[in-house]
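The residues making up each chain are set out below.
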Amino acid sequence: LTLVSSEIIQYPTHYIYPKMAKLSLLLLAAIVAISTAFAPNAAHTATRVNQLASPKIEQQSSTTSLFMAEDMTWEGEYPPSKVLGPIMSKMPSGTLAIISMISLGLCVYSCVQSGLLLREPGAVETGEWVKAQYVLMGFGGPLAWGTHVASWIQRKNGM
């Protein structure tokens with residue numbers, strides 16, 4: 001290897017550094033704001049100390065509760081089928097897997113067709129590449145993810 005030129009290439013720093021400084025300041029502010037969420041609140045801590053030092057007075061709790069709320073906690077690798085709701089908890093895993101594959105297929109088809117429409121001349125300027133049916137089919141991606149997780153839950157639960 002031979003050195004062709006001994007010139008050092010200098011990039012214009014006056015364009016990069018002010019933007020980077022603003023971005024760094026923004027990121028630092030975000031980190032500080034997020035980290036304060038995990039710091040103990042002094043007023044809240046003092047209240048807890050006062051509660052510990054004072055005698056306990058039992059409060060009467062309300063006897064009304066939500067009749068629809070169920071405990072959805074579980075122990076182990078996978079949840080029970082009841083977390084899927086009243087409809088999907090009764091569906092077999094094979095049916096949920098087929099729904100997942102169809103939803104994913106529709107999403108991929110809509111993405112490909114939208115990509116082809118983007119290549120048409122003038123489609124971006126006029127907005128012709130946005131089709132309602134492709135936007136609707138695009139929701140198949142999240143639906144495919146949810147139904148494949150539901151299928152896995154049902155398979156683990158023996159359905």
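What comes next is a walk through the structure.

What counts and what doesn't
- Residues numbered from 1 in each chain as written.
- Predicted model: local features only at pLDDT ≥ 70, side-chain atom pairs only at ≥ 80, totals over all residues.
- Heavy atoms only, no water.
- Helix = DSSP H or I, 4+ residues; strand = E, 2+ residues; numbered from the N terminus.
- Buried < 20%, exposed > 50% of the residue type's maximum accessible area, 1.4 Å probe, protein only.
- Contact = heavy atoms within 4.5 Å.
- Areas by Shrake-Rupley, 256 points an atom, 1.4 Å probe, with all protein chains shown as cover.
- Expected span 1.5 Å × (residues − 1).
- Phe/Tyr/Trp six-rings, centres within 6.5 Å; stacked < 30°, edge-to-face > 60°.
- Polar contact = N/O pair within 3.5 Å; in protein donor to acceptor, adjacent residues only side chain to side chain.

1. Some remarks on the overall build of the protein chain
Looking only at helices and strands, the protein chain has seven helices and zero strands in total. Taken over 159 residues, the protein chain has a buried fraction of 13%. Restricting to contacts in the protein chain with at least 6 residues of sequence separation, those with at least 24 account for 73%. As presented, the protein chain carries roughly 13800 Å² of accessible surface, and 67% of it is formed by carbon and sulfur atoms.

2. Some thoughts on helix 7 (residues 140–156)
End to end, helix 7 covers 24 Å across 17 residues, agreeing with the expected 24 Å (1.5 Å per residue, within 8%). Every buried residue of helix 7 is accounted for by G140, A144, T147, A150, S151, I153 and Q154. Next to the buried residues of helix 7 lie helix 3 (85–88), helix 4 (93–118) and helix 6 (132–138). A positive phi of about 80 degrees marks G158, the residue just after helix 7.

3. Brief notes about the packing of aromatic side chains
Tallied over the entire structure, the rule returns one aromatic pair. Geometrically, the ring pair formed by Y109 and Y134 is edge-to-face, given 6.3 Å between the ring centres and 75 degrees between the ring planes. Placement of the pair is Y109 in helix 4 and Y134 in helix 6, with a sequence separation of 25 residues. Classification of Y134 as buried rests on a relative accessible area of 13%.

4. Looking at the side chain of S103
In this fold, S103 is placed in helix 4. What makes S103 buried here is its relative accessible area of 5%. Here I99 takes part through its backbone oxygen, which lies 2.9 Å from a polar atom of the side chain of S103. When residues no more than four places from it in sequence are discounted, the contact partners of S103 are G140, G141, L143 and A144.

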